[in-house]
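# Architecture and fold: a report
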Amino acid sequence: MEKTKVAIIGLGTVGQGVAKLLLDHGDRTARHAGRTLWLEKAVVRDLKKPRDCDLPAGVLTDHVDEVINNREIKVVALLIGGLEPERTIMLQLLESGKDVVTANKALLAEHGAELFDRARELGRSIAFEASVAGGIPIIANISQCLSANQIQSLDGILNGTTNFILSKMHEEGMAYAEALREAQQLGYAEADPTLDVDGSDAAQKLAILAHLAFGARVDWKDIPRMGIDRLDKSDVRFAQEIGYRIKLLAVAELDGDTLELHVSPTLVKRGRPLSDVSGPFNAIRVVGDAVGELMFYGRGAGQMPTASAVVADMIDTAVGRTAITFRTLELWSNRKARVTPREHAKADGRFYLRINAEDHPGVLAQVTNVLGQHYISISSVLQQEAASADGTVPLVIMTHMTTEGATRKACAEINKLTCVRGKTVRMWVRD
Ligand code: NAP
Ligand code: HSE
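Residues numbered from 1 in each chain as written. Chains lettered and ligands numbered in written order. Predicted model: local features only at pLDDT ≥ 70, side-chain atom pairs only at ≥ 80, totals over all residues. Heavy atoms only, no water.

### Here's the deal with helix H15 (residues 404-416)
Between its first and last C-alpha atoms H15 spans 19 Å; for 13 residues at 1.5 Å apiece the expected length is 18 Å, and the two agree. All of the buried residues in H15 are Glu404, Gly405, Ala406, Thr407, Ala410, Cys411 and Ile414. The secondary structure elements touched by the buried residues of H15 are strand S13 (348-358), helix H14 (363-373), strand S16 (402-403) and strand S17 (420-430). (Helix = DSSP H or I, 4+ residues; strand = E, 2+ residues; numbered from the N terminus. Expected span 1.5 Å × (residues − 1). Buried < 20%, exposed > 50% of the residue type's maximum accessible area, 1.4 Å probe, protein only. Contact = heavy atoms within 4.5 Å.)

### Points about the pattern of salt bridges
This structure, assessed with the given rule, holds 33 salt bridges. For Asp99, the salt bridge goes to Arg124, with nearest N and O atoms at 3.1 Å. Of this pair, Asp99 sits in strand S5 (residues 99-102) while Arg124 sits in the loop between helix H5 (105-122) and strand S6 (126-127), and the two are 25 residues apart along the sequence. According to the relative accessible area criterion, Arg124 is partly exposed, its value standing at 25%. For Glu172, the salt bridge identified is with Lys168, shortest N-O distance 3.0 Å. A residue pair is termed a helical-turn pair when its members lie 3 or 4 positions apart in one helix, as Glu172 and Lys168 do in helix H7 (residues 160-172) at 4 residues. One salt-bridge network, in which partners are shared between bridges, spans Asp155, Glu253, Arg285, Glu293 and Arg430. (Salt bridge = Lys/Arg side-chain N within 4 Å of Asp/Glu carboxyl O.)

### Here's the deal with the packing of helix H1 (residues 13-24) against helix H12 (residues 303-319)
Interaxial distance between H1 and H12 falls to 8 Å at its minimum, and their mutual angle equals 60°. In this view, H1 runs oblique relative to H12, as classed from their interaxial angle. Pair H1 / H12 crosses with right-handed handedness. Where H1 approaches H12, its residues Thr13, Val14, Gln16, Gly17, Val18, Lys20, Leu21 and Leu22 are matched on the opposing element by Gln303, Met304, Thr306, Ala307, Ser308, Val310, Val311 and Met314. (Axes fitted to C-alpha atoms, helices over the stretch in contact; angles between N-to-C directions. Parallel < 35°, antiparallel > 145°, perpendicular 65-115°, else oblique. Left-handed = near helix turned anticlockwise from the far one by under 90°.)

### Quick word on the nonpolar core
Judged by nonpolar contacts, the single largest core of 80 residues is most densely connected at Leu93, Phe128, Ile138, Leu154, Leu206 and Phe214. The element best represented in this core is helix H10 (residues 200-214), accounting for 10 residues. Apart from the residues lying within four places of it in its own chain, the contact partners of Leu154 are Ile142, Leu206, Leu209, Ala213, Phe214, Ala250, Val251, Ala252, Ile284, Arg285 and Val286. Residues Val6, Val75, Ala103 and Ala130 belong to the second largest nonpolar core, which totals 29 residues. (Core = buried A, V, L, I, M, F, W, Y, C linked by side-chain atoms within 4.5 Å.)

### Topic: the packing of helix H2 (residues 26-33) against H12
Closest axis-to-axis distance for the H2/H12 pair is 9 Å, and the angle between their directions is 40°. As judged from the angle between their axes, H2 and H12 are oblique. As for how H2 packs across H12, the hand of that crossing is right-handed. Where H2 approaches H12, its residues Thr29, His32 and Ala33 are matched on the opposing element by Val311, Ile315 and Val319.

### Quick look at the domain arrangement of the chain
For the chain, the assigned domains read domain 1 (3-134 + 305-329), domain 2 (147-300) and domain 3 (345-430). Distance from the C-alpha centre of domain 2 to the C-alpha centre of domain 3: 24 Å. Contact residues are listed per partner, giving 24 residues for domain 2 and 15 residues for domain 3. For the pair domain 2 and domain 3, the summed buried surface comes to about 1,500 Å²; carbon and sulfur atoms form 59% of the total. Among the residues of domain 2 in contact with domain 3, Asp235, Phe238 and Leu267 are the three that bury the most area, contributing 36% of the side total. Close ionic contact of Arg430 with Glu253 constitutes a salt bridge, the shortest N to O distance being 3.4 Å. The interface formed by domain 2 and domain 3 contains 8 residue pairs in polar contact (both at pLDDT 80 or more). Mapped onto the side of domain 2 that touches domain 3, the elements with two or more residues apiece are helix H11 (233-241), strand S8 (244-255) and strand S9 (258-269). (Domains from an automatic or database assignment. Buried area = accessible area lost by both parts, 1.4 Å probe. Polar contact = N/O pair within 3.5 Å; in protein donor to acceptor, adjacent residues only side chain to side chain.)

Written out as structure tokens, the structure is:
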């Protein structure tokens, strides 16, 4: 059988999973690729670190040049994480005639334009299914299977770490820090978990999907985003009491030729499919004008689900399928953007507000007066009886449909009321 020599750079959580699939299930990959994917080299930083996979002698190295300069290696899975040296290594691999597979959304979101341009110039390809939603084949679906559609909206849970943390907080009452530690131990989190918890990772993935699905040219840093790192346990409890669960949602909604994009903790009504997505799972709801509503669900992080996507990309690359789709992808191409970002303030929805207010007559009236001035109608109010040590009580208000801009301005005014302490908490609501 024909042999295609491949290499892995980075043998951490994902890289070890890829090595296991290539070495333990070579028959499977050979059947699908019509050739053997032969693991020639695996590059790490620390040769002494114990690895959870049995590599044949001579495969492990700490010299990336052994891959770059090996003309027989055709496909390389670059699985380091971070921006440098990954960017430089990817350019060197492309220039030395190799096709690259990556799971690194941060790298693509930051340097995608340069890397894709260079790959196109050199007639090489970059495959990146594992960069968004781990094991869920969302990139292939959006860029190939749904190409007869105008995608109208795309929203869901794109970060496994934060979903794992929120599930632990909701379902087991676990503290945020402990849940984050567990997510790190299980290999879900980025090397720098700030990217997960502050919403950056989800925004990077959303930018990639918005490029593919809508022809948008967005810098992920321009996507309005909020993470769960400042989430108060009391909001998890209040959300539960009023029949919701907090999820970190990434949202892209087309309105004419403008696109609303944001990443934010959101109260999702219990019983809605997204509210029941638990642990490291991701879920993405896609609405296309021909196909209607679709739901993609699966493990968004973790060793084997992510390796599943990487190895499928390696097979597609080895047989030449990636080269065909890569040329037609709109991602970071010179084609003109088909949509422009919508003014975020105009995005409409319902909101959850929690205000820490003094417990005396007239306070509720002052707060509702501000909301009224911004034409924000109240759907429900929840106030607990017991005051906290500083004499304030949490006032939880659910609004009717309004806009992001109106609620932002109203909250800024509410925060200035003398009867209010601290900053009002504001989150989107999905019914
Ligand atoms: P990881 O566990 O931290 O592993 C990183 C690996 O890269 C390690 O083996 C490390 O070597 C190696 N490495 C780092 N710098 C290197 C260098 N300069 N030269 C050679 N090797 C180097 O990371 P991971 O979780 O597998 O993630 C890898 C990528 O996949 C990231 O971009 C991440 O965003 C993405 N991703 C991860 C998941 C997931 O669930 N973990 C899911 C989807 C996508 P040593 O072992 O010797 O230190
Ligand atoms: N850290 C990422 C997550 C890995 O938790 O979703 C998958 O991209």
